[in-house]
Amino acid sequence: MEKRFSEMTEAEIKGEIAALRAKAQKAEQMGMVSEYAVYERKIALGKCYLMDPSSIESGKEYGIQGDPGSTFSVLYLNGIFAWGYKNKQSTLEALPISVLEVK
């Protein structure tokens, strides 16, 4: 049975991220776009557990990695997810904290 990121040590998380990167690269080379996207999302979630959630502040606006020109206004944090509004729209969304560009 696989461990969750929340149950892993920092070293285990880094190892899992490296393995996922290799799988993502292979999927990309084989043209498996949706499989590549799944691995990238898992990598983003793993990176969340290597971050300090207090580096993300409620009420601040952040850029989004991989989405140039887009912004995310954080309303609140819930675990490893930041809840807020993308590009000042009215729909509440959640993003993993690792995809926010912390300056």
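Data block above holds the structure.
Residues numbered from 1 in each chain as written. Predicted model: local features only at pLDDT ≥ 70, side-chain atom pairs only at ≥ 80, totals over all residues. Heavy atoms only, no water.

Turning next to the environment of Pro96. Summarising the element assignment, Pro96 is placed in strand S4 (residues 92–96). A relative accessible area of 0% places Pro96 in the buried class. Leave out the neighbours within four places in its chain, and Pro96 touches Arg41, Leu45, Cys48, Ile80 and Phe81. (Helix = DSSP H or I, 4+ residues; strand = E, 2+ residues; numbered from the N terminus. Buried < 20%, exposed > 50% of the residue type's maximum accessible area, 1.4 Å probe, protein only. Contact = heavy atoms within 4.5 Å.)

Attention now goes to a nonpolar patch on the surface. There is a patch of nonpolar side chains on the surface, built from Leu75, Tyr76 and Leu92 and spanning about 260 Å² of accessible area. Classification of Tyr76 by relative accessible area gives partly exposed; the value is 36%. (Patch = residues over 30% accessible without salt bridge, like charges linked within 9 Å, V, L, I, M, F, W, Y side chains within 5 Å. Areas by Shrake-Rupley, 256 points an atom, 1.4 Å probe, with all protein chains shown as cover. Salt bridge = Lys/Arg side-chain N within 4 Å of Asp/Glu carboxyl O.)

Right, let's talk about the pairing of strand S1 (residues 61–64) for a bit. Of the strand pairs in this sheet, S1 and strand S2 (residues 71–78) are connected by three bridges, and their pairing is antiparallel. Across the sheet, residue Glu61 finds its bridge partner in S2, namely Ser73. Between S1 and S2, which pair antiparallel one after the other, the connecting turn spans six residues, and Gly66 there sits at a positive phi close to 80 degrees. (Pairing = 2+ DSSP bridges.)

Moving on, we come to the pattern of salt bridges. If you walk through the whole model with that rule in mind, you get four salt bridges. A salt bridge links Lys3 to Glu12; the shortest N-O distance between them is 3.1 Å. In this structure, the salt-bridge partner of Glu61 is Lys88, at a minimum N-O distance of 2.7 Å. Highlighted residues: Glu61 in strand S1 and Lys88 in the loop between strand S3 (81–86) and S4, separated in sequence by 27 residues. When its relative accessible area of 35% is taken as the criterion, Glu61 is described as partly exposed.

Spatial ordering of the open sheet is given by S4-S3-S2-S1-S5, a layout of five strands whose pairing is antiparallel. Looking at which strands have only one partner, the edges of the open sheet turn out to be S4 and strand S5 (100–101). Where S3 lies against S4, five bridges are found, and the strand directions are antiparallel. Bridged to Gly84 within S4 is Glu93.

With that out of the way, let us pick up the packing of aromatic side chains. Under the definition given, this model contains two aromatic pairs. Taking the centre distance of 6.2 Å and the plane angle of 5 degrees together, the rings of Tyr76 and Trp83 count as stacked. (Phe/Tyr/Trp six-rings, centres within 6.5 Å; stacked < 30°, edge-to-face > 60°.)

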